[in-house]
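# Per-entry structural report
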Amino acid sequence: MTASHKDTTPSWTVADSENYYGLKRWGGGHFSVDDEGFMQVHPLCDQRSIRIHDIVKEAAQKGLKPPLTVRIQDLLHTRVIQLNQLFRDAIKDEKYDGRYRGVFPIKVNQLREVVEEIQDAGKPFNYGLECGSKPELMIAIAMHKDPKSLIICNGYKDDEFIRLALQGLRLGKEIYLVVEQLSEVPRIIQISKKLGVTPRIGFRIKLSTVGEGKWASSSGEDAKFGLTSPEIIDGARRLKRAGLVESLRLIHFHIGSQVPNIQTIKKATVEAARFYCELKKMGFPMELMDVGGGLGIDYDGSRSNYESSMNYTMREYARDVVYNIKSVCQDAGIDVPDIVTESGRAIVAPHSILITEVCDRISKTAVPPRPASKRKKINPVLRDLQANLDNEHGSTPLERYHDALQKKEEANHLFSLGYLDLAERAQADSTYWAICQELCEQAKHSRYTPEELESLPQMMAEQYVCNFSVFQSLIDHWACKQLFPVAPLHRLNESPDVDATLVDITCDSEGKVSSFTDVEDIRHTLRLHELKPKEPYYLGVFLVGAYQDIMGDLHNLFGRVNEVHVFLEDDEEDGFYIEDSIKGFTVNDVIGFTQYDGHILTRLMKKQIDRATKADEIKPREGTRMLDEYAELLRGHTYLAT
Ligand SMILES: *Cc1c(COP(=O)(O)O)cnc(C)c1O
């Protein structure tokens, strides 16, 4: 028996699906369902669309089956243009006297094709790059082409990092070294003197304004980054003494990622703008104000200041940043700076979709209740459970639940002591689940549910086994309980009748998804469709383009999934083409990360097969085949072959 909603939803429509899975709320105009129940993506937010299911089919033809990352390159392009355009609009509307000079922080998604697409889209806006480590700077400096765009260097810096940044200046690039630690100041002075270049320097400020949400610890007085106000004065003095007044031109802050509340952003901007004005009054040629990242993504579509949402739009963000800088500068009688933002998540999160195939289900009722054996006397515990199921005594749901719990415990106890056999234990479990199932159904239709019964739907939910690893592909869901929208890619014109949670294929009980986005609060189960034999059922996890790709790990040695990069194409019947594909890790790849070598393992296998052949335990031909299969598996993928 499965949780059934059939009685409540006689004629399910695609609009019901759009509503239930919330894609009009979290999708930013990029997702909809077509008449035949397929999820489509609208890369440019217009009527041009691609069926995601078609992408999965085409990728499979190229040998790239799910788990699969699909990157919608035109959607990424659109986000870059939107952000830049909204800042331009805000600057125009506010009659702001400076420019917007955004940068993309490459730590949020370093993949070359992603960075290239962003650079391409950002070209008309002189959109630049931000880096936070030596390797990221090495990428940024080499990939950077537009001399009118910025490179901003954050993060801890050693002498090599500083040297490389200064070398970039000599190549004509506008590179800023943002000081995170006071100790960087004397080193920048020393190295720039040695190289004979005038550095461009920014100060990162430790604001008293503290962020909100999951990633708030990047800010406030305990943050590990930035200069306190006495340190700013100290650093400024040192630059003056070294004759580098010219160099200090930028201030920077970053209050943490996914800031849910616009008030925090406004407060931080005002505080930082005050620092800007003070430094300018001290005689530094200040010209840039960098407000960092933090621009959110509305993962649950609730437009609230809940941590997986944001209570503002990108437009409001742009306006508030521009307006608040302007008003602080105006009050101080100081020319406004050019504005830099380092929005990462907001740029890249929406373009990427993780696709997984449901490959099995785990039910609480896998063993159907078996009629009790005629030979034996029925154990009173079983009889009581059956009476409870039949509700012979007309008890309330809560009473029935308490009784059922008690009897189930008794049954387990009797089984452990040897008074119940396996068949009887199965009978007890199944009857107990059937009772819970019934109470669960009743609870759905009643207005008031006692607290103890509230967890029943979650307990009774089906578990859909999905071919992927949470630790590789949704690491923040496990590590920070971040929510991502999940929805089927097809059958959205059918009523989803099964309440389910998702489990991955790692041997780790934490490898699961049992909290889902909802407009209000969190869902603990998601309604999905019945699985059909021989028909693959695909789920998409959306808005996964920020941070997940690079932070995923090798738990159980699954590793990177297959990946395709999709472009809109009017000349194609289905409206798209796959420009690039990247194969996921093979077994050979992942074992290499843990110091094994495929050749050596094969040789070790061969030795054992040879021994077994000599001992006549297997035939020589079988042995050869066994070895071939082993070698074949080494070349194959790590995930379930479906
Ligand atoms: C991580 C980071 C960003 C990006 O933040 P988002 O919230 O993803 O926009 C920007 N600036 C700095 C300094 C960062 O560390």
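Looking at an unreviewed UniProt entry, the protein chain carries the name Arginine decarboxylase, with the source organism given as Coraliomargarita algicola. Per UniProt, the comment on the protein chain under Function (unreviewed entry) is "Catalyzes the biosynthesis of agmatine from arginine."

Moving on to the site of the ligand. In the vicinity of the ligand lie 17 residues, with Lys107, Ser257, Glu342, Gly344 and Tyr547 positioned nearest. Between an oxygen atom of the ligand and a side-chain N or O atom of Lys107, the distance comes to 2.6 Å. One of the side-chain N or O atoms of Glu342 is found 2.6 Å from a nitrogen atom in the ligand. For the ligand, the protein covers 92% of the area, taking 390 Å² as the surface of the free molecule. Within the shell around the ligand, the residues separate by chemical class into three nonpolar, nine polar and five charged.

Turning to the pattern of salt bridges, a few remarks are in order. Opposite charge on two side chains allows them to pair when their charged atoms are near. For the structure shown, the criterion picks out 40 salt bridges. One salt bridge connects Lys157 with Glu184, and the closest N-O pair in it is separated by 3.3 Å. Remark: Glu184 occurs in helix H8 (residues 184–195) and Lys157 occurs in the loop between strand E7 (150–153) and helix H7 (159–170); sequence separation between them is 27 residues. Look at Lys157 and you get buried, because its relative accessible area is 4%. Under the relative-accessibility criterion, Glu184 is labelled buried at 1%. Several salt bridges share partner residues, and in doing so they unite Arg101, Glu174, Arg200, Glu246, Arg249 and Glu287 into one network.

What follows deals with the sheet that holds strand E1 (residues 31–33). Spatially, E1-E2-E3 is the arrangement adopted by the three strands of the open sheet, whose pairing is antiparallel. Each edge of the open sheet carries a strand with a single partner, namely E1 and strand E3 (50–51). Relative to E3, strand E2 (residues 39–41) runs antiparallel, the two sharing two bridges. Across the sheet, Gln40 pairs through a bridge with Arg51, a residue of E3.

All right, on to the sheet that holds E7 then. Taking strand neighbours across the sheet as the criterion, the eight strands line up as E5-E6-E7-E8-E9-E10-E11-E12 in an open arrangement whose pairing is parallel. For this open sheet the edge positions go to strand E5 (103–105) and strand E12 (338–340), each flanked by a neighbour on one side alone. Strand-to-strand twist across the sheet, computed as the mean angle between neighbouring axes with direction ignored, equals 25 degrees. Two strands pair when backbone bridges link them, and strand E10 (residues 248–252) and strand E11 (residues 288–290) are joined in this way by three bridges, in the parallel orientation. Bridging from a neighbouring strand, Ile251 pairs with Met289 of E11.

Our next topic: the environment of Pro260. If you trace the backbone, Pro260 turns up in the loop between E10 and helix H10 (262–281). Pro260 gets classed as buried once you look at its relative accessible area, which sits at 1%. Residues Pro260 and Arg303, spaced 43 residues apart in sequence, show a C-alpha to C-alpha distance of 9.0 Å. When residues no more than four places from it in sequence are discounted, the contact partners of Pro260 are Glu212, Gly213, Ser304, Asn305, Tyr306, Glu307, Ser309, Met310, Asn311 and Tyr312.

The N-to-C vectors of helix H22 (residues 598–614) and helix H23 (residues 620–635) enclose an angle of 165 degrees; their axes lie 10 Å apart at closest approach. Taken together, the axes of H22 and H23 are roughly antiparallel relative to one another. Considering only the axes of H22 and H23, their crossing is right-handed. For the pair formed by H22 and H23, the contact residues are Gly598, Leu601, Thr602, Met605, Lys606, Ile609 and Thr613 on the first element and Pro620, Gly623, Met626, Leu627, Tyr630 and Leu634 on the second. When its residues are assigned to classes, the contact of H22 with H23 shows eight nonpolar, four polar and one charged.

For Gly296, the location among the structural elements is in the loop between E11 and helix H11 (314–332). Owing to a relative accessible area of 4%, Gly296 belongs among the buried residues under this scheme. A sequence separation of 47 residues divides Gly296 from Ser343, and the C-alpha atoms of the two residues are 8.7 Å apart. Among all residues touching Gly296, those that are not within four sequence positions of it are Gln258, Met310, Tyr312 and Ala346.

What follows deals with the UniProt feature "domain: Arginine decarboxylase C-terminal helical" (unreviewed entry) in the protein chain. UniProt records the feature "domain: Arginine decarboxylase C-terminal helical" (unreviewed entry) for residues 587–640 in the present numbering. Between the C-alpha atoms that bound residues 587–640 there is a distance of 12 Å. The span itself is 74% helix and 0% strand.

Looking now at the UniProt feature "domain: Arginine decarboxylase helical bundle" (unreviewed entry) in the protein chain. Here, UniProt's "domain: Arginine decarboxylase helical bundle" (unreviewed entry) annotation points to residues 380–456. What you have in residues 380–456 is 78% helix and 0% strand, and the ends, taken at the C-alpha atoms, are 25 Å apart.

Criteria and cut-off values
- Residues numbered from 1 in each chain as written.
- Predicted model: local features only at pLDDT ≥ 70, side-chain atom pairs only at ≥ 80, totals over all residues.
- Heavy atoms only, no water.
- UniProt positions renumbered as here; feature names shortened; annotations may be inferred.
- Near = heavy atom within 4 Å.
- Polar contact = N/O pair within 3.5 Å; in protein donor to acceptor, adjacent residues only side chain to side chain.
- Areas by Shrake-Rupley, 256 points an atom, 1.4 Å probe, with all protein chains shown as cover.
- Nonpolar A, V, L, I, M, F, W, Y, C, P; charged D, E, K, R; others polar.
- Salt bridge = Lys/Arg side-chain N within 4 Å of Asp/Glu carboxyl O.
- Helix = DSSP H or I, 4+ residues; strand = E, 2+ residues; numbered from the N terminus.
- Buried < 20%, exposed > 50% of the residue type's maximum accessible area, 1.4 Å probe, protein only.
- Pairing = 2+ DSSP bridges.
- Axes fitted to C-alpha atoms, helices over the stretch in contact; angles between N-to-C directions.
- Contact = heavy atoms within 4.5 Å.
- Parallel < 35°, antiparallel > 145°, perpendicular 65-115°, else oblique.
- Left-handed = near helix turned anticlockwise from the far one by under 90°.

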